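Here is what each chain is made of, one letter per residue.
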Amino acid sequence: MSQAQPLSSAAHSQSQVAGTAVGFMSVCSRVNMQLLHECFDLGPFHGLCFPHPDDVLEAPQELSVRRSQDAELRSSSQGSQKIVEESQEPVFPDTMENIQGNIAKEAASEEALTAVQSGSVSEPEDIEKLSDVSTGYAQDHRVSSRSLASLLLPEEPVHFRPIYRGASAAFCIQLFCIDEKYEARSLDFMNFVFSLFSDKNFCIISLPHLTPEFILIQNFVKMVPFSTCTLEQDLYVFHRAGLLKSIHIRFATFLDTPGVENLVRTLMLNKSILEDLDRYNKARKDPDGTLLQAFVAEVAEQIVGIAVIRNEMDIEYIRSHYNIEDFIYFSHHQREEHGHMHHFALNPIFRHYTKFFLKEILRLGFKSCLYYPVYPKSREGKFQNPYAHSLTSALHYLVPVRPRRQIVYPLEKLGINAPSKAVSKDPISYALNHTNRKLTLEPKITVNAKIIVVGASNVGISFLETLVFCSHLKFNNLTLISTHGLPGKKLLDTEQRKFLASDHCFNDKDYALMSLCSWVNVVVGRMTGIDRAAKHVVLSTGEIVLYDHLILCTGQQYQVPCPTGADISQHLTNREVPNSSQRRYTGKVPCNHFTLNEEEDCFKALTWIRNNSITTEGNVIVYGNTIDTYTTVETLLNLGVSGSRVHLVQPPPASTITCINNYSVESAVADALAAAGVTIYRDAILAQWNDGLHPDPIYSASFTTPTKPFRLPCSMFFSFCEKNVDYETFKALNDTCLVYDGRLVIDTNFHTNDIAIRAAGSLTKFSNRYYSNEWTHSNFSSKEIGFQLAAAMLHLFDPTLEPVTEPPADLDRLIPMYKGAKIQGGILPGSYHYLHIAKPAIPTPLEVQMAQPNYGLEIVTGNAKNGTYFRIHINKYKMVETITCLSREPFPTSNYIRLFGQHEQLLNNLCARYDENLITDLYSYFTEPWCLALFHDRFIDLRKELRQILASKEGEDLPSIEQLAHQIEDEEINPTEKPRQYLKRVFEESIYKTLVERSTLDYLHYNRYHLPMYAWPGII
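Residues numbered from 1 in each chain as written. Predicted model: local features only at pLDDT ≥ 70, side-chain atom pairs only at ≥ 80, totals over all residues. Heavy atoms only, no water.

Q: Go over the overall build of the chain, please, and point to the residues and values.
A: Secondary structure assignment for the chain yields 26 helices and 43 strands. Evaluated residue by residue, the chain yields a buried proportion of 54% over its 1020 residues. If you take every contact in the chain between residues at least 6 apart in sequence, the share linking residues at least 24 apart comes to 75%. Counting only carbon and sulfur atoms, one obtains 52% of the accessible surface of the chain, whose full area is about 45300 Å². (Helix = DSSP H or I, 4+ residues; strand = E, 2+ residues; numbered from the N terminus. Buried < 20%, exposed > 50% of the residue type's maximum accessible area, 1.4 Å probe, protein only. Contact = heavy atoms within 4.5 Å. Areas by Shrake-Rupley, 256 points an atom, 1.4 Å probe, with all protein chains shown as cover.)

And the structure:
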């Protein structure tokens, strides 16, 4: 029972069991509404106020127009920070009496609070917050959608906020406690406290954001903070109507149409929802004949939710392109049990019934699985991709499904043995989300810690990807601070040449398959400062972003070169000019000077070329000696710029190692440049722009060389000098007293000297105490670095992981060595498609490497100048260590990356066949059907399984094959025959052969939709 002690504006309620108090709640009607309106977006609940005639709910017309024009410039926001897809209408006043009557009736009956029946549910666990909605693409002009992600660049306008003039409709919880044994009955307090404030419709509570979710708060809705909010507490709201247990889920009927129209009228895609509802009511089918089902949620004879699903017809594609089998066994589900969710909208008042709604959809629709795709934003329009479904408020009750790496098939060579079109087709890429009967019973672990990632580098994206795809965790406060927001906007068409070389970590398709904008807040801006005491980041806009964990992975960028100022009329040489490589350019950057670091930079350069007739007139200077200079020159030539007007100026190299480090490839590229008419200047140092006059725009550039200087006319200047840390980033790090020694200093666990700040990528270096200054994160794969950074942090949030054990004292000074391949590639002059895959290593000239006695051997076919060059380096352990390709024809890069680290015998005895002159073209060799299993994403699992078989013992007293091999190596046994023959005989005479064959055949059979070119017993 509950008792109250009413005061003038506050009340205390206690819960008793057998006369003993087991819970306490203190509530108060005094609420600082002005502060709440300034800090939180309360639009879905009318600002927690009663309606008033003077309320200003819509922006002035001119502001609305400007806002819609700027909508596309905004960064995409996390699904958990959008509310626009929900009906913005609370329960209407004319039905309020009916609802309150239902509350009173249900409160009088204990059974109504606990019974689970058709129309009521007691489901406190894993209740989602209000803002956990949407895929982050469309916004309704009537509803503000502000979060951390809505921080805009300075030139963007401040967006309209509604003004509420009505009286407060909320009271607040000041104190709450309850015996853990009775915590499941926490919601019983709400009936009683609402009876104390009969004139209030909302109950609110504010909590420190790191407070673990307790059962009471799981029934509340977490409000979205504005970007200017600096409160360190989260606001939760509960509506009086949320006490109703009589929610009823049923199939929709014609009579529900007016109620659904009223529910979804503020949604951007309301027309699509209503059209699908009409199709269901008329034919129960889509136009293509697919079964359609529509469900409504009803409370007090009012429609409060709508969901539309259809049968999933692309189940073969989903199985072959997504790791859906991480969550289900396909053999346990009938084809018709897979459902495709098109629409899901629920009044925010009843958000805590979302999971119940999903369960009822599965039950009533006879489905076991639901799938929801998130399509990438369409650049053609400002709103949704035409393939996109309406935004769903249930997104955080679904789990994101990792995409699978696909084999690039030689379809013409395979013929009838190629995979089916359902598997090999290439539709528009989308991110897949999923739930099933089992997952609806598994609550996610909520992580409210504010994790701020600065820099959208490959390291940062890999870090975010790893966290997002932890299906049992729900990160509510992942934020990315980036100058241009999330990458993957497809500003450059995929068919066009790219200005910059690629490291093949992520491409536009990968970004579409991840849909990070559904889960991550994105702040568009630059970091200019860090306040370690207050734990916030200062942006170039003057705004601040609070953090609990700050991740710095800004990387290094090409900088504007600083001219030496040498007067070439004095005929100076490089020896006679000061070294300006360490000087920072502080003047105005000329409008026709370009440093390309991101896709946005490349797009600006491309726009400049087209708008200034660069393809028909004017000289272009490309300054630098990195691989990006070659890819940029090739892009210019491909755009139509005459080679005679392209000048490649290379400064003196910083080391003896070239950017390609392969003489055959370099000579082929040099010949292609000469054939195109491109002039190359070597060992040239930039002296002046415009002969020392005002440099904007650049009309000429002067250079000194070891012999005589020269001057070139210039219409466009590309700079690819050595990369360095951006000055604003350096200043922010230095001013906050983070240890900086040429780069930001970290330990082996990514920590800086501040325990709350971690860093990774080329921004960093290891502390001098490791005595490994030649090794940095730049030597390793950025994608692997990001994954390892996330793995190191997950121990802070994931209770299912084993506790981290401290390394032994003698190992504490060793830096980690990552094994992923370091990759670079692009299209070089001559239209050569280039790819280089190598193990992480300290850069060394190729000739020096090959001179080592333990180098191994190289396998080379074709000729670089003919565009048929393919080189594989096999190390002394017979493993593939380096791959270099140069071809005039495109090749399957993703396939070749899978060859790295494989034993040459897995490649069909590559060395023996090459020695016997059976291999004349490696490009053709790796399109033969036998090797396609090597490119399969689950081949590594087969290798682990076979290794486990060989490491197992056939009997208690018998050694395993692995142990026998070690005993022979250690000379503990001395077989009369050769060791290889001995192990082969033992293998064939034991059970190992049968187990290995069975495992291999099971692998081929289970993955036959990807590998139909292989035969197995029973296929004939």
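And the narrative resumes.
Q: Please provide a residue-by-residue account of the environment of Leu712, values included.
A: As for its placement among the helices and strands, Leu712 is situated in strand β33 (residues 710-713). In this structure, the C-alpha to C-alpha distance between Leu712 and Val620, residues 92 residues apart in sequence, is 9.4 Å. Residues within four places of Leu712 in sequence aside, it is in contact with Ile621, His647, Val649, Tyr681, Tyr699, Ser700, Ala701 and Phe703.

Q: So what's going on with the sheet that holds strand β20 (residues 478-482)? Which residues, and what values?
A: Read across the sheet, 5 strands follow the order β21-β20-β18-β25-β37 without closing on themselves; strand pairing throughout is parallel. Both edges of this open sheet fall to β21 (521-524) and β37 (757-759), since each of them pairs with a single strand only. Here the strands of the sheet are splayed against their neighbours by 20° on average, with no regard to which way each runs. Sheet topology places β20 next to β21; 4 bridges connect them, and they run parallel. When the bridges of β21 are listed, Thr479 appears paired with Asn521. Strands β18 (451-454), β20 and β25 (549-552) of the sheet are contacted by helix α12 (residues 458-468), whose axis makes an angle of about 155° with β18. (Pairing = 2+ DSSP bridges. Axes fitted to C-alpha atoms, helices over the stretch in contact; angles between N-to-C directions.)

Q: Describe helix α9 (residues 354-364), and please don't skip the residues or the numbers.
A: Burial within α9 is extensive, with 9 of its 11 residues counted as buried. Restricting attention to buried positions, one finds in α9 the residues Thr354, Lys355, Phe356, Phe357, Leu358, Glu360, Ile361, Leu362 and Leu364. Looking at the buried side of α9, the elements it contacts are β10 (248-251), β11 (292-299), β12 (302-311), β13 (338-346), β14 (369-374) and β16 (431-436). Count one or two residues on from α9 and you reach Phe366, which has phi positive near 55°.

Q: Describe in detail the environment of Val522, supporting the description with residues and values.
A: Positionally, Val522 belongs in strand β21. When the C-alpha atoms of Val522 and Leu486 are compared, they prove to be 7.1 Å apart, with 36 residues separating the residues in sequence.

Q: Explain the packing of helix α23 (residues 939-951) against helix α26 (residues 992-1006) to me, using residue names and the numbers behind them.
A: Following both chains from N to C, one finds α23 and α26 inclined at 165°, their axes separated by 10 Å at the closest point. In terms of axis orientation, α23 runs roughly antiparallel to α26. Every pair of crossing elements has a handedness; the one defined by α23 and α26 is right-handed. Every residue of α26 that contacts α23 at Phe939, Leu942, Glu945, Leu946, Ile949 and Leu950 is listed here: Tyr992, Leu995, Val996, Ser999, Thr1000 and Tyr1003. Broken down by class, the residue content of the contact of α23 with α26 amounts to 9 nonpolar, 2 polar and 1 charged. (Parallel < 35°, antiparallel > 145°, perpendicular 65-115°, else oblique. Left-handed = near helix turned anticlockwise from the far one by under 90°. Nonpolar A, V, L, I, M, F, W, Y, C, P; charged D, E, K, R; others polar.)

Q: Tell me about the pattern of salt bridges, residues and numbers included.
A: On inspection of all chains with the given rule, the structure shows 31 salt bridges. Note that Arg310 is salt-bridged to Asp288, the shortest N-O span being 3.2 Å. Placement of Arg310 in strand β12 and of Asp288 in the loop between α7 (270-283) and β11 is noted, with a sequence separation of 22 residues between them. Arg310 sits in the buried class, given a relative accessible area of 14%. (Salt bridge = Lys/Arg side-chain N within 4 Å of Asp/Glu carboxyl O.)

Q: So, the nonpolar core: which residues are in play, and what are the values?
A: Ranked by size, the top nonpolar core spans 116 residues in total, and within it Leu48, Phe463 and Leu552 carry the most contacts. Ignoring any residue separated from it by four or fewer positions in sequence, one finds Leu48 in contact with Met33, Leu36, Leu42, Ala167, Ser168, Ala169, Ala170, Phe202, Ile204 and Val237. Counting residues in hydrophobic clusters, the runner-up holds 40 residues, among them Ala418, Ile874, Ala933 and Leu1004. (Core = buried A, V, L, I, M, F, W, Y, C linked by side-chain atoms within 4.5 Å.)

Q: Break down the side chain of Arg404 for me, with residues and values.
A: The topology assignment puts Arg404 in the loop between β15 (399-401) and α10 (411-414). Here Asp937 takes part through its side chain, which lies 2.8 Å from a polar atom of the side chain of Arg404. Those residues in contact with Arg404 that lie beyond four places of it in its chain are Arg319, Ser320, His321, Tyr322, Asn323, Glu325, His936, Asp937, Arg938, Asn1007, Tyr1009 and His1010. (Polar contact = N/O pair within 3.5 Å; in protein donor to acceptor, adjacent residues only side chain to side chain.)

Q: Please set out the packing of aromatic side chains residue by residue, giving values where relevant.
A: Scanning all chains against the criterion turns up 39 aromatic pairs. Seen from their ring centres, Phe171 and Phe194 are 5.2 Å apart, and the 75° between their planes marks the pair as edge-to-face. With Phe171 in strand β5 (residues 170-178) and Phe194 in helix α5 (residues 188-196), this pair connects stretches of sequence that are 23 residues apart. In this pair, the class of Phe171 matches that of Phe194, namely buried. Taken together, a centroid distance of 4.9 Å and an interplanar angle of 45° make the contact between Phe344 and Phe357 tilted. Of this pair, Phe344 sits in strand β13 while Phe357 is found in helix α9, placing the two residues 13 residues apart along the sequence. You can call Phe357 buried: its relative accessible area is 1%. Each residue in the set Tyr585, Tyr623, Tyr681, Trp689, Phe703, Phe710 and Phe717 is aromatic and connected to the rest through ring pairs, giving one cluster. Here the guanidinium or amino end of Arg319 rests over the ring plane of Tyr1006, the centre of that ring lying 5.3 Å away. Directly above the ring of Tyr727 sits Arg584, whose terminal nitrogen or CZ lies 3.5 Å from the centroid. (Phe/Tyr/Trp six-rings, centres within 6.5 Å; stacked < 30°, edge-to-face > 60°. Lys NZ or Arg CZ within 6 Å of the ring centre and 35° of its normal.)

Q: An account of the side chain of Thr626 is requested, with residue identities and associated values reported.
A: Residue position: Thr626 is located in the loop between β28 (620-624) and α15 (627-639). A polar atom in the side chain of Thr626 sits 3.0 Å from the side chain of Tyr558. What Thr626 contacts, discounting residues up to four positions off in sequence, is Tyr558, Cys659 and Phe720.

Q: Lay out a negative patch on the surface with the relevant residues and their values.
A: A contiguous patch of negative charge, built from Glu969, Asp970, Glu971 and Glu972, is present on the exposed surface. One can find Glu969 in helix α24 (residues 961-969). The exposed category is assigned to Glu969, whose relative accessible area is 60%. (Patch = residues over 30% accessible without salt bridge, like charges linked within 9 Å, V, L, I, M, F, W, Y side chains within 5 Å. Lys, Arg positive; Asp, Glu negative; His and termini not counted. Charge placed at Lys NZ, Arg CZ, Asp CG, Glu CD.)

Q: Residues and numbers for the packing of helix α6 (residues 257-264) against α7, please.
A: Between α6 and α7, the shortest axis-to-axis distance is 10 Å and the interhelical angle comes to 165°. Classified by the angle their axes make, α6 and α7 are roughly antiparallel. Between α6 and α7 lies a crossing whose hand is right-handed. Along the contact surface, α6 presents Thr257, Val260, Glu261 and Val264, while α7 presents Asn270, Ile273, Leu274, Leu277 and Asn281. Split by residue class, the contact of α6 with α7 holds 5 nonpolar, 3 polar and 1 charged.

Q: Now, about the environment of Asn311: what can you tell me, with residues and values included?
A: Tracing the backbone through its elements, the reader meets Asn311 in strand β12. Assessed through its relative accessible area of 15%, Asn311 is described here as buried. Reaching out from Asn311, the side chain makes a polar contact with the side chain of Lys367 at a distance of 2.2 Å.

Q: Got a sec to walk through unusual backbone geometry? Specific residues and values, please.
A: Geometrically, the link from Asp696 to Pro697 is a cis peptide bond, its omega value of 0° lying close to zero. Considering the arrangement of structural elements, one finds Pro697 in the loop between β31 (685-689) and β32 (700-704). Unusually for a residue other than glycine, Arg284 sits at a positive phi of about 60°. Tracing the chain through its elements places Arg284 in the loop between α7 and β11. For Ala300, which is not glycine, the phi torsion reads 50° and is therefore positive. Along the chain, Ala300 falls in the loop between β11 and β12.

Q: I'd like a rundown of helix α17 (residues 727-735), residues and numbers included.
A: Taken together, the buried positions of α17 are occupied by Thr729, Ala732 and Leu733. An end-on view of α17 places all buried positions within 95° of arc, on one side of the element. For α17, the secondary structure elements touched by its buried residues are β22 (527-531), β25 and β36 (744-746). (Arc of directions from axis to C-beta.)

Q: Break down the sheet that holds strand β29 (residues 646-650) for me, citing the residues and quoting the values.
A: Read across the open sheet, the 5 strands follow the order β27-β34-β28-β29-β30; overall the sheet is parallel. Lying at the two open borders of the sheet, with one neighbouring strand each, are β27 (593-594) and β30 (679-682). By the bridge criterion, 5 bridges tie β28 to strand β34 (residues 716-720) in an arrangement that is parallel. Bridging across to β34, Ile621 finds its partner in Phe717. Sitting on the sheet, helix α14 (residues 599-611) is in contact with β27 and β34, with an inclination near 160° to β34.

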